[in-house]
Structure formats: C-alpha cells, structure tokens
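Listed here are the chains, written in short residue letters.
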Amino acid sequence: PSYVDANVTAGNNYQYQVRARDANGNLSTFSNLATASPPTELFSDGFESGDLSAWISVTGLVAQQQEAFAGSFAARGTSSGAPTYAYKQLSATQNELYYRIYFKIISQVQTTNLLKLRTAAGSSILAIFVSNTGNLGSRNDAAGVSNFSTTPVTRGAWHELQVHAFINGTSGQT
C-alpha cells in the first residue's frame, strides 16, 4: 500500500502509475499518470566546512568536533544568559518550509530556542524550543499560541527534529 522512490533528484519531475491486485490475483488497469517534483533545497549546513561561513550572522556559536552527530563537525552554543544563534536570510519569501535539525542538549537552565522562523523584516513567525522543564514546545508568534509536548527531551542524547511550517499569518500551521 505504499512506495518510496529513493532515487529521485530535487527539481526533476517524475511520473508514476499504480494498479491494484485483488485477493484472486486479478490486476486492474493502470491508473492515470501522477506527477511528483521533489523540491530543491533552500539551505543546508552540515558544518563539515569546520566553520559557520554558510550563515549570514553568527553570535556565540562555534564549529567544533567534540560533540558531532555525524561527520566531523557540529555547531555548539554555550551561554550564560546571552542568546547564541546563527541566521540565514533566504533568497525569496517562502510560505511553506520543511526544516530538519539534529540537536543535543548537554545542560540547560532556562528555555532554549532550537530554531526560529522570521519574516524578512525580522519579526518572529515560529519558535521551536525546549522548555525549562525539558519538554519540546512550539510557539506560533503570529497568533501568540504556544503548544507543549509531554515527551521529554533527554539531556545528553541526540534528537532529530523535523518541522513543516505553512506560513499564513495567524492561520499558519506547523
């Protein structure tokens, strides 16, 4: 009932057809063609350059090798209260984004933002964070609504976070 094509390339068009087989082994005719186009990647930084040069601005983060998820490098932020962050301005306005990060919290005293999506003018749209109680949360800043997960983020362990954001003012969804 499902199929994954692992050999596609972003930006190309692919066409698929399906047909059904019943319990007696009878095959249906092929369905109409369906076209799929994997999106191109807007931005990626695996930090393997050993620096943070892919970002427009970096505050309080370093590329280091002591705590890396895969490969040789990762970004690390250590703070005693001042925010640590990096940001990247996309070349065009987006109304739908998929975002994936791997993160590991070694120690934490206060709420820690993992990522923020902002408008071109710098206004926050969405924040994904780990609360001071250790739970994952999100905040739709346009609507002023926060949601909290009941699943704790384990300190000292790597986690994968995937976000799909549909940006539409107070009607946006994640």
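Counting restarts for each chain: residues are numbered from 1 in the order of the written sequence. The predicted origin of the model limits local features to residues at a pLDDT of at least 70 and limits the giving and counting of side-chain atom pairs to 80 or more, whereas totals for whole chains, interfaces and linings rest on all residues. Side-chain numbers here rest on the full set of heavy atoms in the structure, without hydrogens or water.

## Remarks on the sheet that holds strand β9 (residues 124-130)
- Criterion used throughout: strands pair if DSSP finds at least two bridges between them. The way it works is that DSSP assigns letters per residue, a run of H or I at least four long becomes a helix, a run of E at least two long becomes a strand, and they are numbered from the N terminus. As summarised here, the arrangement of the four strands in space is β8-β9-β10-β11, forming an open sheet in which the pairing is antiparallel. What marks the edges here is a single partner per strand, and that holds for β8 (112-118) and β11 (145-152). Strand-to-strand twist of the sheet, defined as the mean angle between neighbouring strand axes without regard to direction, takes the value 15 degrees.
- Of the strand pairs in this sheet, strand β10 (residues 135-140) and β11 are connected by five bridges, and their pairing is antiparallel. Residue pairing for β11: N140 is matched across the bridge by V145. Convention adopted: a line fitted to C-alpha atoms gives each axis, helices being fitted over their contacting stretch, and angles between N-to-C directions are expressed from 0 to 180 degrees.

## Examining the confidence of the model for the chain
- As a per-residue measure, pLDDT reflects the predictor's confidence and takes values from 0 up to 100. Per-residue confidence for the chain averages 88 on the pLDDT scale, and 99% of its residues sit at or above 70.
- The spread of mean pLDDT over the elements of the chain runs between strand β6 (residues 85-87), the lowest at 89, and strand β1 (residues 14-16), the highest at 94.

## Some details on the pattern of salt bridges
- For this analysis, a salt bridge means a side-chain nitrogen from Lys or Arg found within 4 Å of a carboxyl oxygen belonging to Asp or Glu. Inspection of the entire model under this criterion finds three salt bridges.
- In this structure, R100 engages E160 in a salt bridge whose closest nitrogen and oxygen atoms are separated by 3.6 Å. Of the two residues, R100 is situated in strand β7 (residues 96-104) and E160 in strand β12 (residues 158-166); the sequence distance between them amounts to 60 residues.
- Residue R139 is joined to D141 by a salt bridge in which the shortest nitrogen-to-oxygen separation is 2.9 Å.
- A 1.4 Å probe rolled over the protein chains alone gives each residue an accessible area, and that area as a share of the maximum for its type sets the label: buried under 20%, exposed over 50%, partly exposed in between. With relative accessibility at 24%, the residue D141 sits in the partly exposed group.

## A closer look at the packing of aromatic side chains
- Side-chain rings of Phe, Tyr and Trp, where Trp is taken by its six-membered ring, are said to pair if the distance between their centres is within 6.5 Å; with planes under 30 degrees apart they count as stacked, over 60 as edge-to-face, and otherwise as tilted. Applying the stated criterion across every chain, the model contains five aromatic pairs.
- Joined through ring pairs, the aromatic side chains of F69, Y102 and W158 make up one cluster.

## A short note on the nonpolar core
- Among buried residues, those of type Ala, Val, Leu, Ile, Met, Phe, Trp, Tyr and Cys that are joined through side-chain atoms within 4.5 Å constitute a nonpolar core. Counting 14 residues, the largest nonpolar core has F103, L115, L117, L126, I128, L161 and V163 as the members making the most contacts within it.
- The contact definition used throughout considers only heavy atoms, calling two residues in contact when any of these lie within 4.5 Å. In contact with L161, other than residues within four places in its own chain, are Y99, R100, I101, F103, L114, L115, I128 and L136.

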